[in-house]
Amino acid sequence: MSDSNATTWHILGAGSLGSLWAVRLARAGVPVRLILRTPQRLAAYRRAGGLSLVEQGQARRYSLDAETAAAPAPIRRLLLACKAYDAEDAVASLAPRLAGGAEVILLQNGLGSQDAVAARVPQARCILASSTEGAFRDGAWRVVFAGHGHTWLGDPLDLAAPAWLADLQRAGIAHDWSLDILARLWRKLALNCAINPLTVLYDCRNGGLLQHPAEVATLCGELAELLRCCGQPDAASALHDEVQRVIQATAANYSSMHQDVALGRRTEIAYLLGHACATARRHRLLLPHLEALHQRLLRHLAERGLPRH
Ligand code: NAP
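Since this is a predicted model, take the numbers as computed values, not measurements.

1. Looking at the site of the ligand
Neighbouring residues of the ligand: 25 residues in total, closest Ser16, Leu17, Arg37, Ala135 and Glu268. Between the ligand and Ser16, the relevant distance is 2.9 Å, taken from an oxygen atom to a side-chain nitrogen or oxygen of the residue. Within the side chain of Lys83, one N or O atom sits 3.5 Å away from an oxygen atom of the ligand. Here the ligand loses 83% of its free accessible area of 910 Å² to cover by the protein chains. Mapped by element, the contributors of at least two residues to the shell around the ligand are helix 2 (16-27), strand 2 (32-36), helix 4 (84-94) and strand 9 (134-139). Its residues assigned to classes, the shell around the ligand shows 11 nonpolar, 7 polar and 7 charged.

2. Digging into the sheet that holds strand 8 (residues 125-131)
The sheet built from 8 strands is open, its strands ordered 5-2-1-6-7-8-11-12 with mixed pairing. On the outer flanks of this sheet lie strand 5 (65-68) and strand 12 (175-177), each paired with one strand and no other. Shown here is a sheet whose adjacent strand axes are inclined to one another by a mean of 25°, direction ignored. Bridging between strand 2 and strand 5 involves 4 bridges; their strand directions are parallel. Residue Leu34 lies in a different strand from strand 5, and its bridge partner there is Ala66. Contacts between helix 3 (residues 39-48) and the sheet are confined to strand 2 and strand 5, with strand 5 contributing the most and set at about 165° to the helix. Where helix 5 (residues 113-120) meets the sheet, its contacts fall on strand 6 (75-80), strand 7 (98-106) and strand 8, and the angle it forms with strand 8 comes to roughly 160°.

3. A short note on the packing of aromatic side chains
Remark: the centre distance and the inter-plane angle together describe each pair of aromatic rings, the angle taken between the planes. The tally for this structure, following the rule as stated, stands at 3 aromatic pairs. Their ring planes at 45° and their centres at 6.3 Å tell us that Trp9 and Trp21 sit as a pair that is tilted. Within this pair, whereas Trp9 is found in strand 1 (residues 9-12), its partner Trp21 is found in helix 2, the two being separated by 12 residues in sequence. Each member of the pair, Trp9 as well as Trp21, carries the same accessibility label: buried. Where Tyr45 meets Trp141, the ring centres are 5.3 Å apart and the plane angle is 70°; that geometry is what we call edge-to-face. Here Tyr45 is found in helix 3, whereas its partner Trp141 is found in the loop between strand 9 and strand 10 (142-147), with 96 residues between them in sequence. With relative accessibility at 3%, the residue Tyr45 sits in the buried group. Accessibility expressed as a relative area gives 10% for Trp141, which makes it buried. Just above the ring of Trp152 sits the side chain of Arg184; from NZ or CZ to the centre is 4.0 Å.

4. A word on the UniProt feature "domain: Ketopantoate reductase N-terminal" (unreviewed entry) in the protein chain
The UniProt record marks residues 9-155 with the feature "domain: Ketopantoate reductase N-terminal" (unreviewed entry), using the residue numbering of this structure. For the annotated span residues 9-155, helix accounts for 28% and strand for 41% of the residues, and the straight-line distance between the end C-alpha atoms is 18 Å.

5. A short note on the pairing of strand 7
For strand 6 and strand 7, the ladder comprises 5 bridges, and the chain directions are parallel. Considered in strand 7, the bridge of Leu79 is made with Ile105. Alignment of strand 7 against strand 8, held across 4 bridges, turns out to be parallel. Note that in strand 8 the partner of Val104 across the bridge is Cys126.

6. Digging into the nonpolar core
In terms of nonpolar packing, the biggest core is built from 65 residues, with Leu78, Leu80 and Val243 touching the most fellow members. For this core, the element with the most residues is helix 7 (residues 181-201), which contributes 12 residues. Formed jointly, this core draws a minimum of three residues from each of two domains, domain 1 (9-179) and domain 2 (183-303). With near-sequence residues (within four places) excluded, Val243 lies in contact with Leu191, Ala194, Ile195, Val216 and Cys220.

Criteria and thresholds
- Residues numbered from 1 in each chain as written.
- Predicted model: local features only at pLDDT ≥ 70, side-chain atom pairs only at ≥ 80, totals over all residues.
- Heavy atoms only, no water.
- Near = heavy atom within 4 Å.
- Polar contact = N/O pair within 3.5 Å; in protein donor to acceptor, adjacent residues only side chain to side chain.
- Areas by Shrake-Rupley, 256 points an atom, 1.4 Å probe, with all protein chains shown as cover.
- Helix = DSSP H or I, 4+ residues; strand = E, 2+ residues; numbered from the N terminus.
- Nonpolar A, V, L, I, M, F, W, Y, C, P; charged D, E, K, R; others polar.
- Pairing = 2+ DSSP bridges.
- Axes fitted to C-alpha atoms, helices over the stretch in contact; angles between N-to-C directions.
- Contact = heavy atoms within 4.5 Å.
- Phe/Tyr/Trp six-rings, centres within 6.5 Å; stacked < 30°, edge-to-face > 60°.
- Buried < 20%, exposed > 50% of the residue type's maximum accessible area, 1.4 Å probe, protein only.
- Lys NZ or Arg CZ within 6 Å of the ring centre and 35° of its normal.
- UniProt positions renumbered as here; feature names shortened; annotations may be inferred.
- Core = buried A, V, L, I, M, F, W, Y, C linked by side-chain atoms within 4.5 Å.
- Domains from an automatic or database assignment.

Encoded structure:
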């Protein structure tokens, strides 16, 4: 067995994506340990007898090993599978256990949380991921694998691909090593900013934005300007075309932000539109429509008692 195979994957966050990764890795014979939030959550997980994954309508339970952050063993490989707003605190709670040269794989959507995490664990190599897979929780310790997709991974500071990508291969996790992961994350952030906030404000499916072509076009123009200004010209190229394609292709879907707001859940706004506006301000770039959209969305969230960050 190679060293890559023997290294345990610690997976923080047994939510949608964390469970999806944990089950597939474990099924491929890769050692996996879940890290749960509290001793109470750990006890509840044990009472449930493990995690259930629903695939093609069939649920199957997997009794994966689990612990809390307080467990003593050093961590060499950590998959951080929580929401962007939980990532910094979560990794800080594990920092004493992260050995020198440990690797942390970050599944968070948007931008901003990755830098905050990296600053907390300077001893570790941080690998950023961007995923189009889809999963959701439909009960306690139960996750539905809703959409097959692809995951890009990369490290802006070290372009060498890690040997453990072989674990993902064996686990059937479709992936590629990206030499420009930041461009991918910026592009995804821009697509999100052009679509998701408007779907919340107009309370519509993605296809509802076909009624607002001028507003979408204006936002795409400002987002492309922002991307070029932060050294991401590739992420800016033909952005409006892709936004229109995504709106058409996903016309019947509700965006993730729309779903979060409809269910009264905290959004990742600070790492999406909030990050875009903060970056524009830092570059002294005036993007009036994007800023107005941000303010409207913040008011909308506040009116519903949801956090503004
Ligand atoms: P999720 O279902 O809400 O799962 C997050 C999990 O992290 C929860 O189980 C939460 O525990 C746990 N957690 C948070 N802080 C923790 C801590 N300190 N210790 C232990 N556990 C902790 O979220 P998700 O949908 O998997 O999303 C994760 C990230 O992936 C997000 O940035 C999201 O945007 C991105 N993403 C998701 C999808 C998708 O289809 N789901 C697709 C692409 C990208 P509790 O249950 O105790 O709160």
